[in-house]
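Okay, here's what each chain looks like letter by letter:
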Amino acid sequence: ATIATTVLSTGLIGSVASGSPRSYYDPTSLTYLGYLAEGARTNICLQSEVLGTTWTNVNSADSANAGVAPDGASTADKLIPDAAATDGAMLQTGLTLSAAATYTFSVFAKTSGFDSLQLRIGDLGFTNSASVTYNTTTGVVESAAAVAGTWTATSSTAKQYPSGWWRFTLTATATTNAGDRCTLVNTDTGDAANGVLLWGM
């Protein structure tokens, strides 16, 4: 009973009105895939597109509306690591990650000078966390999905979209002391100019 999104015949992400059935297409081949039925989900990351309000930069800067997003609007932000940083990050804290619950962290990403992006759920370090690192040009996993501390059952996916975009996911199950944040990390050596475009956390 809310506005939803789907993949249009153009490969772009589009909105569908509340109560309306959704058809969807493969974003790469544009093949019609029929009716899209999904269970209800809640995004616990606030401001998934306006990143400057609730997301915090660490060893990095955020350039708002720096590129055309997968929906065709100029709303993609750019994560720009500081000069010489190898861990330029953007994170959101204060999330409630409950024991025995399974979470999926997903983001649309595109190369903008740099091509490495790590998705991480849990704490800032690797004491209690789940993570996976992707190449934003090829979609290849650079560092396989891994868990530390109180996270288990990790998996990941990469789906190609038009215009160089990928949708990356990380799924893992929390036990206890699961941390309170989602983090995106560029692991290239920063130069305060290049980075990675992000959209739709």
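These figures come from a predicted structure and were not determined experimentally.

Caption draft 1: Quick peek at the sheet that holds strand β16 (residues 195-199). Overall, antiparallel pairing links the six strands, which are arranged β6-β7-β16-β9-β14-β13 in an open sheet. Where the open sheet ends on each side, the last strands, each with one partner, are β6 (60-67) and β13 (151-160). Across the sheet, the axes of successive neighbouring strands diverge by a mean angle of 30°, strand direction being ignored. Here strand β7 (residues 76-81) runs beside β16; their pairing, made up of three bridges, is antiparallel. Residue pairing for β16: Asp-77 is matched across the bridge by Leu-198.

Caption draft 2: Representation of the pattern of salt bridges within the structure. Counting across every chain of the model gives three salt bridges. Residue Glu-38 pairs with Arg-22 through a salt bridge whose shortest N-O separation is 3.1 Å. Taken as a pair, Glu-38 in the loop between β4 (32-35) and α1 (51-54) and Arg-22 in the loop between β2 (13-16) and β3 (23-25) lie far apart in primary sequence, 16 residues in all. Residue Glu-38 is classed as exposed on the basis of its relative accessible area, which comes to 55%. The class of Arg-22 is buried, set by a relative accessible area of 13%. In this structure, Asp-26 engages Lys-159 in a salt bridge whose closest nitrogen and oxygen atoms are separated by 2.8 Å. Taken as a pair, Asp-26 in the loop between β3 and β4 and Lys-159 in strand β13 lie far apart in primary sequence, 133 residues in all.

Caption draft 3: Representation of unusual backbone geometry in the model. Notably, Leu-30 is not glycine yet its phi reads approximately 65°, a positive angle. Structurally, the position occupied by Leu-30 is in the loop between β3 and β4. Non-glycine residue Asn-59 carries a positive phi angle of around 55°. Along the polypeptide, Asn-59 turns up in the loop between β5 (56-58) and β6.

Definitions and cut-offs
Numbers given to residues run from 1 along each chain, matching the order in which its sequence is written. Owing to the predicted nature of the model, reporting of local features is limited to residues with pLDDT of at least 70; listing and counting of side-chain atom pairs is limited to 80 or more, with chain, interface and lining totals taken over all residues. Side-chain numbers come from the whole structure's heavy atoms, not from hydrogens or water. DSSP bridges decide pairing: two strands pair if at least two such bridges lie between them. A run of H or I in DSSP becomes a helix once it reaches four residues, and a run of E becomes a strand once it reaches two; helices and strands are each numbered from the N terminus. For helices, the fitted axis covers only the stretch in contact; all axes are lines through C-alpha atoms, and the angles between them, taken along N-to-C directions, range from 0 to 180 degrees. One side-chain nitrogen of Lys or Arg within 4 Å of one carboxyl oxygen of Asp or Glu is enough to make a salt bridge. Per-residue accessibility, obtained with a 1.4 Å probe over protein chains only, is compared with the maximum for each type, and a residue is labelled buried under 20%, exposed over 50%, and partly exposed between these values.

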